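Single-letter residue listing:
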Amino acid sequence: MKHLSRLKLVPVLQKRNQNKIEIRRAKLIEKLEDQLAMAEALIRGDHFRKYKQVWGLDERVERIKVDRVKRIRAWYWISAAGCYLSVFYGSRVIKLDGENTAITVGPRDKLPDTIRAVIDAVKAGELDKNIEEVADKGIYILNSKVTSKTNIKAVKAAS
C-alpha cells in the first residue's frame, strides 16, 4: 500500500458518454452502412470486402496482426417480384411495423436509397422501441436451475 498511499484517491464513478439506446443505434447504423456499401458494390458490379485485424503467425512463428476478410451477410434479397430488405439487430430480424419484417424496394437500383432512409430513421429514433424489443430477447438469466428457453420464460413470468 505504500505506492497507493502517495496517490489521491476519490470515490467517483466514470460517467458514460452514451446511454444504452445511443449505443444500440450506433451499432445498427454501423451495420446498415456496411449493407449500403455492399449494395452500392452490387450495383457497380464489384465485390465488397470488409477487413478485420486478427492475430496470426508469420514465417518466424512470431505473432503479428493480419488483415482477414470479415464475412458479412446481405440483409437484402432479390426475387422475381423485386428486391426486399430486412433489418437485423444481431441475428434477429427487427419488426418494422406490427408484424412486418421486410421492406419492398422494387428494382435493385433503389436499394441504396432505401438503406439510407432506414439509416435516417434509426438516427431519428424511430426504431428505438423495436431495437429494444429484439435486444432484450438476447438477455438470459444465468442460474443453475434455468437451462432452457422455456424455463427462462417461466422464471421471468414468475418474477
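Below or above, wherever it landed, is the structure these notes cover.

Criteria and thresholds
Residues numbered from 1 in each chain as written. Predicted model: local features only at pLDDT ≥ 70, side-chain atom pairs only at ≥ 80, totals over all residues. Heavy atoms only, no water. Axes fitted to C-alpha atoms, helices over the stretch in contact; angles between N-to-C directions. Helix = DSSP H or I, 4+ residues; strand = E, 2+ residues; numbered from the N terminus. Parallel < 35°, antiparallel > 145°, perpendicular 65-115°, else oblique. Contact = heavy atoms within 4.5 Å. Nonpolar A, V, L, I, M, F, W, Y, C, P; charged D, E, K, R; others polar. Core = buried A, V, L, I, M, F, W, Y, C linked by side-chain atoms within 4.5 Å. Buried < 20%, exposed > 50% of the residue type's maximum accessible area, 1.4 Å probe, protein only. 1 Å grid on protein atoms, 1.4 Å probe; cavity = no way out; pocket = protein on both sides within 12 Å on 5 of 7 lines; lining within 4 Å. Points joined across faces, edges and corners; volume = space filled by probe spheres on them. Arc of directions from axis to C-beta.

The next point concerns the packing of helix α1 (residues 20-44) against helix α2 (residues 111-124). Helix-helix packing is characterised by the crossing angle of the two axes and by the distance between the axes. Following both chains from N to C, one finds α1 and α2 inclined at 170 degrees, their axes separated by 9 Å at the closest point. When the interaxial angle is binned, α1 and α2 end up roughly antiparallel. Counted together, R25, L28, I29, L32, E33, Q35, L36, A39, E40 and I43 of α1 and L111, P112, I115, R116, V118, I119, V122 and K123 of α2 form the full contact between these two elements. Each residue belonging to the contact of α1 with α2 can be placed in one class, and the counts come to 12 nonpolar, one polar and five charged.

Judged by nonpolar contacts, the single largest core of 23 residues is most densely connected at L28, L32, L85, L111 and I115. Top contributing element to this core by residue count: α1, with six residues. Contacts of L111, omitting those with residues within four sequence positions, involve A39, Y76, C83, L85 and V105.

So, about empty space enclosed by the protein. Inspection of the entire model under this criterion finds one cavity of 30 Å³ or more. Among the secondary structure elements, those contributing two or more residues to the lining of the largest cavity are α1 and α3 (128-137). Across the lining of the largest cavity, the residue classes tally to two nonpolar, no polar and four charged.

This part is about α3. Listed in full, the buried residues belonging to α3 are D128, N130, I131, V134 and A135. Looking straight down α3, one finds that the buried residues subtend no more than 160 degrees of arc, so they occupy a single side. Looking at the buried side of α3, the elements it contacts are α1, β5 (88-89) and β6 (92-93).

If you trace the backbone, S91 turns up in the loop between β5 and β6. Judged by its relative accessible area of 69%, S91 falls in the exposed class. Separated by 44 residues in sequence, S91 and A135 place their C-alpha atoms 9.9 Å apart.

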